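Here's the letter readout for the chains.
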Amino acid sequence: MAEIVSLAEGVADLVRDGDTVALEGFTHLIPHAAGHEIIRQGRRDLTLVRMTPDVVYDQLIGMGCARKLIFSWGGNPGVGSLHRFRDAVQHGWPVPLEIEEHSHAGMANRYVAGASGLPFAVLRGYAGTDLPRHTPNIGFVTCPFTGEELAAVPALNPDVTIVHAQRADRSGTVQMWGITGVQKEAVLAAKRSLVTVEEIVDRLEPVPGQVVLPGWAVTAVAEVPGGAHPSYAHGYTVRDNAFYQAWDEISRDRGTFLSWMQGVAA
Amino acid sequence: MSHTSDEMMTVAAARALRDGAACFVGIGLPSTAANLARRTHAPNLVLIYESGCLGAKPDRLPLSIGDGVLADTADAVVSVPEVFNYWLQPGRIDVGFLGAAQLDRHGNINTTVIGGDYADPKVRLPGAGGAPEIAASCREVIVVVRHGLRTFVDRVDFITSVGPPRKVITDLGVLAAGPGTSELVLTHLHPGVTVEQARAATGWDLAVSPGLTGTEPPTEAELSALRAFEQA
């Protein structure tokens, strides 16, 4: 049974300096509030993992929480580049950021292998691209049955995965629906997991297309209404597209970024 | 009705999609063009977004591949591993529709880094996302990109996706790989554009097809559908 905790307790108990941490969510259900709590608690030297590091990772990187980023697309969706990520890669500000870069298919399969308890995954991917020259965690294997050469990527097993979802019951069983990305795989691949939810209810009403994470497969659940903002929780909140557009301006300049972050870090 | 060069590009890209095809759509220009096609000549075009939305039918332009309007209107919403492993990888998707930050004469695409070297780039771009496998596993690939010297380079700084695509549609014209070669050749010019303009905006010695033709200008129906959609 998952423990029901406050957000501050959940982050304090589960996220440690130096951990490999995945905050997943594919545009939808991104655990922004949890990311802000990691910033407030001053975590350092994290290896951040995420297919699509966007605004919340820009904030974590800009506040110096990360040593390394494992990812497949680092941008502000529909808007442009991430300026804090770019500054860290191009100028080492505020601290140098090591990167390990994949494609979406590669990252998704790394989580699948992690959730499956396998050492690696195979896929028909990366062929002819420059990614394998720069990412040691991309290999190639020969199919023992057909002789086809396939890409191989090692399992990804984060120390802790954090996701946001619509709701949970008091045993910590989590329900999510809509665009559920790679969240289930990321939670099942992790050693520990924290799920923030819009609400905790006595009884979960089934929803079409839902994904269920049983309470015994989750470490902790925290009720954080609106915890995905500016991302969203289908059925509860809507995506704040204006904020994503505003972030481009806020994040462009180090000083403007830092003063905006004071509102989060307080 | 007069039109902008961006509108010509979007209309030309939309026309390249046939009704009933399954199309893997990137955000931005490809998404606008694919949605325009669905509202004009290709009502049964199947739009697939990498967020897991299969058969999305948005009534306004999504800002992101994960906008709620895509999930609300999709035939099915599946996980990201499922999109890539079950739908893209086995070749179930007819057309991949991509943008580019840099593109070379063989249609190789770069969306990763520009200048310097990989470890110390001049400009760090968002990266690969779904593009390497979209380019490799869709039956054909169409690239939509604005034509200019910063984009059309002799040699890309990083190969994010391997070319050549079937077509590259720009705000000046259309390029396609010639038969038996992987080199892109100018096949169409949009109204009012000259070969010299296209060559001046290309960072290699651009070959011109002997059958070079002019693109039909956008019809009123195409333009009104595009403008209505962009304002929705």
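Residues numbered from 1 in each chain as written. Chains lettered and ligands numbered in written order. Predicted model: local features only at pLDDT ≥ 70, side-chain atom pairs only at ≥ 80, totals over all residues. Heavy atoms only, no water.

A. Looking closely at the pattern of salt bridges. Counted according to the given criterion, the structure contains 26 salt bridges over all chains. Here Asp54(A) makes a salt bridge to Arg50(A), at a shortest N to O gap of 3.4 Å. Of the charged contacts in the structure, one is a salt bridge between Lys57(B) and Asp75(B), with a shortest N-O distance of 2.7 Å. Here Asp75(B) lies in the loop between helix 3 (68-73) and strand 4 (76-77) and Lys57(B) lies in the loop between strand 3 (53-54) and helix 3, a separation of 18 residues in the sequence. (Salt bridge = Lys/Arg side-chain N within 4 Å of Asp/Glu carboxyl O. Helix = DSSP H or I, 4+ residues; strand = E, 2+ residues; numbered from the N terminus.)

B. Inspection of the environment of Val187(A) at higher detail. All names here are of chain A. Tracing the backbone shows Val187 in helix 7 (residues 183-189). Residue Val187 is classed as buried on the basis of its relative accessible area of 2%. For the pair Val187 and Tyr57, spaced 130 residues apart in sequence, the C-alpha to C-alpha distance is 18 Å. (Buried < 20%, exposed > 50% of the residue type's maximum accessible area, 1.4 Å probe, protein only.)

C. The sheet that holds strand 2 (residues 46-49) of chain B, seen in detail. Residues and elements named next belong to chain B. Strand order in this open sheet of 10 strands is 4-3-2-1-5-10-11-12-13-14, and the pairing throughout is mixed. Two strands close off the open sheet at either side, each with one partner strand: strand 4 and strand 14 (207-214). Where strand 12 (residues 173-177) lies against strand 13 (residues 184-189), 5 bridges are found, and the strand directions are antiparallel. Across the sheet, residue Val174 finds its bridge partner in strand 13, namely His188. Across the sheet, helix 1 (residues 5-15) touches strand 5 (95-98), strand 10 (140-144) and strand 11 (167-169), and the angle it forms with strand 11 is around 155°. (Pairing = 2+ DSSP bridges. Contact = heavy atoms within 4.5 Å. Axes fitted to C-alpha atoms, helices over the stretch in contact; angles between N-to-C directions.)

D. Representation of helix 1 (residues 7-14) of chain A within the structure. All names here are of chain A. Every buried residue of helix 1 is listed here: Leu7, Gly10, Val11 and Leu14. Buried residues of helix 1, viewed axially, fall in a sector of 90°; they line one side. Next to the buried residues of helix 1 lie strand 1 (3-5), helix 2 (32-40), strand 11 (160-169), strand 13 (192-201) and strand 15 (220-223). (Arc of directions from axis to C-beta.)

E. Fine view of the pairing of strand 11 of chain A. Residues and elements named next belong to chain A. Most of strand 11 is tucked away, with 10 of its 10 residues classed as buried. Across 3 bridges, the pairing between strand 2 (residues 20-23) and strand 11 is parallel. Counterpart to Val21 in the pairing with strand 11 is Val160. Relative to strand 13, strand 11 runs parallel, the two being bridged by 9 bridges. Looking at strand 13, one finds that Ala165 is bridged to Val197. Remark: 4 residues form the turn of the hairpin made by strand 11 and strand 12 (residues 174-176), two consecutive strands paired antiparallel; Gly172 in that turn has positive phi of roughly 85°.

F. Inspection of helix 9 (residues 254-265) of chain A at higher detail. Residues and elements named next belong to chain A. End to end, helix 9 covers 16 Å across 12 residues, agreeing with the expected 16 Å (1.5 Å per residue, within 8%). Residues of helix 9 that are buried make contact with helix 2, helix 3 (55-62), helix 4 (83-91) and helix 8 (241-252). Between the side-chain oxygen at the start of helix 9 and the backbone nitrogen of Gly255 there is a gap of 3.1 Å, and the oxygen is on Asp253. (Expected span 1.5 Å × (residues − 1). Polar contact = N/O pair within 3.5 Å; in protein donor to acceptor, adjacent residues only side chain to side chain.)

G. Layout of the side chain of Thr202(B). Residue and element names in this part refer to chain B. Here Thr202 lies in the loop between helix 6 (195-200) and strand 14. For Thr202, a relative accessible area of 5% puts it in the buried group. From its side chain, Thr202 meets the backbone oxygen of Ala198 in a polar contact 2.7 Å long. Setting aside its immediate chain neighbours within four residues, Thr202 contacts His147, Leu149 and Phe152.

H. Just the side chain of Gln183(A), in detail. Residues and elements named next belong to chain A. Residue position: Gln183 is located in helix 7. Classification of Gln183 as buried rests on a relative accessible area of 0%. In this structure the side chain of Gln183 is engaged in a polar contact, spanning 3.3 Å, whose partner is the backbone nitrogen of Gly181. Setting aside residues up to four positions removed in sequence, Gln183 forms contacts with Glu24, Gly25, Phe26, His28, Leu29, Val163 and Met176.

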